[in-house]
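# Fold and contact review
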Amino acid sequence: MIRSMSERLGALIAANFIAAVTVGGGSALLVVADSVLAPHATDNGVAALVGLAAFVAVMAFIIGAIAAFPAYLVGLIAVGIPTWWVLHRLGWASTPVFVCVAAAESMAGGAVAALVIAPEALVFAPLLAVPGAVVGLVLWRLGYESIRPPRPRPVRPS
């Protein structure tokens, strides 16, 4: 487990930032996909469509990242830290476990938020598995991979 409080806080901030950026990137990707696949794609010309899609995608990225940051911060503090502690105590601190549990928690949190805020957005909850899995991977890498002792270099035969 991560030894110092500053390392724990750094891991949570890094995971939160990466989750927010992942959500922003997913938002931008959805906007671009919708622009390309929309039936009105041929009406206004390709150049106008590409320019508009690029602008809207950048705005979706920024807004998605800003909106996701506090949501993932609350989730990491309220759910992620206790889950991390339980998994560590049970000895289940492996990459696949962290990735799968974080993806499931992210989807569940997105489903609860969608039910409270906008029930029609519930169909997008499974998409939150991607940033959740990224968070699990980041927390495992910063929490466990980084504190393993380095392997000794092989000695040349003399």
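This one's a predicted model, so the numbers in the text were calculated from it and none came from an experiment.

## Quick notes on the overall build of the protein
If you tally the helices and strands in the protein, you get four helices and zero strands. When the helices and strands of the protein are placed in sequence order, the string is α-α-α-α. By residue count, 30% of the 158 residues in the protein fall in the buried class. Long-range pairs, those at least 24 residues apart, make up 76% of the contacts in the protein between residues at least 6 apart in sequence. With an accessible surface of roughly 10,300 Å², the protein has 75% of that area assigned to carbon and sulfur atoms.

## Notes on the packing of helix α3 (residues 95-117) against helix α4 (residues 129-143)
Remark: α3 packs on α4, axes separated minimally by 7 Å, with the N-to-C direction vectors making an angle of 140°. Taken together, the axis directions place α3 and α4 in an arrangement best described as oblique. As for how α3 packs across α4, the hand of that crossing is right-handed. For the pair formed by α3 and α4, the contact residues are Thr95, Phe98, Val99, Ala102, Ala103, Ser106 and Met107 on the first element and Ala129, Gly132, Ala133, Gly136, Leu137 and Trp140 on the second. Classifying every residue of the contact of α3 with α4 by side-chain character gives nine nonpolar, four polar and no charged.

## Brief notes about the nonpolar core
In this structure, Ala15, Tyr72, Leu76, Trp84, Phe98, Val135 and Leu139 are the most contacted members of the largest nonpolar core, which totals 18 residues. Sequence-distant contacts of tyrosine 72, that is, excluding residues within four places in its chain, are made with Asn16, Ala19, Val23, Ser106, Leu128, Pro131, Gly132 and Val135.

## Here we look at α4
Taking 1.5 Å per residue, 15 residues should reach 21 Å; α4 reaches 20 Å between its end C-alpha atoms and fits that length. Where α4 is concerned, the buried positions are Ala129, Pro131, Gly132, Ala133, Val135, Gly136, Val138, Leu139, Trp140 and Gly143.

## With respect to the environment of alanine 14
Relative to the assigned elements, alanine 14 resides in helix α1 (residues 5-37). With a relative accessible area of 24%, alanine 14 lands in the partly exposed category. Counting along the chain gives 124 residues from alanine 14 to valine 138, while the straight-line C-alpha distance between them is 7.7 Å. Here alanine 14 is in contact with Val138 and Leu142, once residues within four sequence places are set aside.

## Some details on the side chain of serine 106
Locating serine 106 in the fold gives a position in helix α3. Judged by relative accessible area, which is 8%, serine 106 ranks as buried. Ignoring any residue separated from it by four or fewer positions in sequence, one finds serine 106 in contact with Tyr72, Leu128 and Gly132.

## Some thoughts on the confidence of the model for the protein
Chain-level pLDDT for the protein is 79 on average; 81% of the residues reach the 70-or-more range. Looking across the protein, the model is least confident in α1, with a mean pLDDT of 78, and most confident in α3, with 90.

Cut-offs applied
- Residues numbered from 1 in each chain as written.
- Predicted model: local features only at pLDDT ≥ 70, side-chain atom pairs only at ≥ 80, totals over all residues.
- Heavy atoms only, no water.
- Helix = DSSP H or I, 4+ residues; strand = E, 2+ residues; numbered from the N terminus.
- Buried < 20%, exposed > 50% of the residue type's maximum accessible area, 1.4 Å probe, protein only.
- Contact = heavy atoms within 4.5 Å.
- Areas by Shrake-Rupley, 256 points an atom, 1.4 Å probe, with all protein chains shown as cover.
- Axes fitted to C-alpha atoms, helices over the stretch in contact; angles between N-to-C directions.
- Parallel < 35°, antiparallel > 145°, perpendicular 65-115°, else oblique.
- Left-handed = near helix turned anticlockwise from the far one by under 90°.
- Nonpolar A, V, L, I, M, F, W, Y, C, P; charged D, E, K, R; others polar.
- Core = buried A, V, L, I, M, F, W, Y, C linked by side-chain atoms within 4.5 Å.
- Expected span 1.5 Å × (residues − 1).
- pLDDT = per-residue confidence, 0-100.

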